[in-house]
Amino acid sequence: MRAGFIANSLACVVAVLSLSPALAQTVTPNAGVVMPLWDKGAPGFESLRDVPEKSGDWWVRGVNNPSLTVFRPEPARNSGTAIIVLPGGGHENLVFNSEGLKPSRFLQAQGVTAFALKYRLGRESDNPKADYDIATHGAADLRRAVRWVRAHAAEYGITRVGVMAFSAGGELVHMTAFAGFDGEATAADPVDRLSARPDFIIEVYPGPLGVPERFETAPPPAFFLTAHDDHGPVAVLERLSRLYAAWPEVPVETHILAAGGHAFNMGERSNLRAVKDWPARLSDWLIDRGYVSVP
């Protein structure tokens, strides 16, 4: 047993040495290392980069330096799939523990490289030095996150990039995944030359903002889930279903649970069996689509 421990330790050392310095620290599974989306801070808000975030037992506010918290799977389990996780919170807070970290750890266990996104909040009331807009800054953070992950795909062993969003996070997906995702060919920053279109999307009780009138190009494959008694998200999924119907070649799976309300997170806030077990439906979908392997 001791020999096996030493061999595994040496393997980890070799892996670390083979990575670039910026990513070497992320090699340990469960590390949750934080990577800023912009090295010098978000464009136009560089002076706020070092202003500390505020946090409580379930919320994070005051995000002035958007970032990704990285959860890498065990190397032997790496599926090649990356998923960026967007917590909800009404653009006033980020429900970061329950809708950012917990889903990321769940995905990590499936062999996914998960990235929990802290994005700027367009309705926050106690960040007086910043003036953020949902469609401008929050959406820009998601586009940058997809491009950043895509730019580092080789270093993380990634071949596809998806996004998973809860509640208000789904609104940012609507604003970025269906149009306006092309990279800027002449951008000074090579990251900004890449496409921000995710390869697939996952939305859990999404908010209504940003749903387009039509899809001008084929939308990404999708997994949608909400509860029947959460009327706003049900209406959103009905609208999205109609839009997807115009593209029958694009696979979409929708689950509307009989009950559960809003903000049931990864199911732990409910006593209903279907709600508590809903992540298993996502796991099935990821396997059926070939995004992860059967355990």
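Source: prediction; values computed, not measured. (Residues numbered from 1 in each chain as written. Predicted model: local features only at pLDDT ≥ 70, side-chain atom pairs only at ≥ 80, totals over all residues. Heavy atoms only, no water.)

Engineer: When you look at the environment of His91 in this model, what are you seeing that I'm missing?
Structural biologist: With respect to the helices and strands, His91 occurs in the loop between strand 5 (81-86) and helix 3 (96-109). Assessed through its relative accessible area of 1%, His91 is described here as buried. Taking C-alpha positions, His91 is 8.0 Å from Arg120, a pair spaced 29 residues apart along the chain. The contacts of His91, once residues within four sequence positions are left out, are Tyr119, Leu121, Gly122, Arg123, Glu124, Ile134, Ala168, Glu171 and Leu172. (Helix = DSSP H or I, 4+ residues; strand = E, 2+ residues; numbered from the N terminus. Buried < 20%, exposed > 50% of the residue type's maximum accessible area, 1.4 Å probe, protein only. Contact = heavy atoms within 4.5 Å.)

Engineer: Sorry if this is basic, but what is going on with the side chain of Ser98 here?
Structural biologist: Here Ser98 lies in helix 3. Of the residues examined, Ser98 reaches a relative accessible area of 15% and is grouped as buried. If sequence neighbours within four positions are ignored, Ser98 has contacts with Pro103, Asn265, Met266 and Glu268.

Engineer: Honestly, the confidence of the model for the protein in this entry has me stumped. Any pointers?
Structural biologist: Scored by pLDDT, the protein comes out at a mean of 91, with 89% of its residues at no less than 70. Within the protein, no element has a lower average pLDDT than helix 1 (residues 2-18), which sits at 36, and none a higher one than strand 7 (residues 160-166), at 99. Below pLDDT 50 for its whole length, residues 1-28 participates in 22 contacts with residues either more than four positions away or in separate chains. (pLDDT = per-residue confidence, 0-100.)

Engineer: I would appreciate a short explanation of the nonpolar core in the present structure.
Structural biologist: Soluble globular proteins tend to pack their nonpolar side chains together in the buried interior. Counting residues in each nonpolar core, the largest one holds 76 residues, and the members touching the most others are Ile84, Phe115, Ile202, Trp278 and Leu286. Residue contributions to this core peak at 7 residues, all from helix 4 (residues 134-151). Those residues in contact with Trp278, other than ones at most four positions away along the chain, are Met164, Phe166, Val204, Phe223, Leu225, Leu257, Phe264, Asn265, Met266 and Gly267. (Core = buried A, V, L, I, M, F, W, Y, C linked by side-chain atoms within 4.5 Å.)

Engineer: What exactly am I supposed to notice about helix 9 (residues 278-288) here?
Structural biologist: Note that an α-helix has 3.6 residues per turn; residues three or four places apart therefore point the same way. Trp278, Pro279, Leu282, Ser283, Trp285 and Leu286 are the residues of helix 9 that are buried. Along the long axis of helix 9, the arc covered by the buried residues comes to 160°, so they all point the same way. In the stretch just after helix 9, Gly290 is the one whose phi turns positive, near 80°. (Arc of directions from axis to C-beta.)

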